[in-house]
Amino acid sequence: MPRTGRPAVRRVAAVERALVLLDALAEAGGELGTNELARRTRVNPSSVSRLLATLAAAGYVEHVPASGRYRLGVRLVQLGNAALSGLEIREVARPHLRALAEETGETVTVSAPSETDAVTVDFVQSASSVLSVAHVGRPSIAHATAVGKVLLAFGGVSLPAGELAAFTNRTITSRQALSGELERVRVQGWAEALGEREEDLNAIAAPVWSARGELDGILGVQGPAARFAGPALEAARVPLLEHALAVSEALGWKRQTREEG
């Protein structure tokens, strides 16, 4: 069969089920038993048991003898670190994260876009006693976060079919309203989310471009709504855009690259 340079279309069902189990364990944030995993993933319990045994043998999950349950294994940490080490944007953005956190007093993140989500790859925490907590590896909620809106506006990513989940009473759940919001993001070049993912969390985000004029990362600033709102949020927008531009230029982006694209 001739090579096409593209990934195969057919998928391996067993591998897909194994990945579903890993996702379920990650979402749980702790230990789960075989039956609970079967219930959450709708995979047959006997299949879950065999898949877990295979994943445990390779170190992707770990069996906890005291509880008889399973949790994510250290092999995933090793793979995650290997993936992060290959992200140029993480190294380039690091000094800008520190500078932006100092300038704004809030938590600053840089996220890498994927086909479905933007995932946090590095962050600098706010020095304030009251702060928003960031986590490496945490995916964005596309329609309810500033980072996610930047991904949707500039990354060529489409929302999955179905209803848009409401996380707070400010979450945009209308696709028509979201379409208008994304057009505004494209025009102004940055996004905001005010209490849309969490009621007490506000955030702004801006795109980072690659040398080819494609979305290569997303720089974000987030903080407690009681402090990071109004004039404080508006004041953070200027340095956010400046640092996003600086990171883009360090990656080889030139203004005409984007304009011509």
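Structure first, text after, so check above.
Computed from a predicted structure; not experimentally measured. (Residues numbered from 1 in each chain as written. Predicted model: local features only at pLDDT ≥ 70, side-chain atom pairs only at ≥ 80, totals over all residues. Heavy atoms only, no water.)

1. Section: the nonpolar core
Phase 1 of the analysis: Core analysis: the biggest nonpolar cluster contains 24 residues, and Val 110, Ile 204, Val 208, Leu 219, Val 221, Leu 240 and Val 247 have the highest contact counts within it.
Phase 2 of the analysis: Those elements giving two or more residues to this core turn out to be helix 5 (88–104), strand 3 (107–113), strand 4 (118–124), strand 6 (201–209), strand 7 (215–224) and helix 8 (231–250).
Phase 3 of the analysis: Here this core gets six residues from one element, more than from any other, and that element is helix 5.
Phase 4 of the analysis: If we skip the residues at most four places from it in the chain, Val 208 touches Ile 89, Glu 214, Leu 215, Asp 216, Gly 217, Leu 219, Ala 244, Val 247, Ser 248 and Leu 251.
Phase 5 of the analysis: Residues Ala 118, Ala 193, Trp 209 and Trp 253 belong to the second largest nonpolar core, which totals 23 residues. (Core = buried A, V, L, I, M, F, W, Y, C linked by side-chain atoms within 4.5 Å. Buried < 20%, exposed > 50% of the residue type's maximum accessible area, 1.4 Å probe, protein only. Helix = DSSP H or I, 4+ residues; strand = E, 2+ residues; numbered from the N terminus. Contact = heavy atoms within 4.5 Å.)

2. Some details on helix 8
Phase 1 of the analysis: Between its first and last C-alpha, helix 8 extends 30 Å over 20 residues, near the 28 Å set by a 1.5 Å rise per residue.
Phase 2 of the analysis: Buried residues along helix 8 sit in contact with helix 5, strand 5 (191–194), strand 6 and strand 7.
Phase 3 of the analysis: One or two steps after helix 8, the chain reaches Gly 252, where phi turns positive at roughly 100 degrees. (Expected span 1.5 Å × (residues − 1).)

3. Thoughts on helix 6 (residues 146–154)
Phase 1 of the analysis: Of all nine residues making up helix 6, nine are buried, and the element is well covered by its neighbours.
Phase 2 of the analysis: Buried within helix 6 we find Ala 146, Val 147, Gly 148, Lys 149, Val 150, Leu 151, Leu 152, Ala 153 and Phe 154.
Phase 3 of the analysis: Positioned one or two residues after helix 6, Gly 156 has a phi angle of 70 degrees, which is positive.

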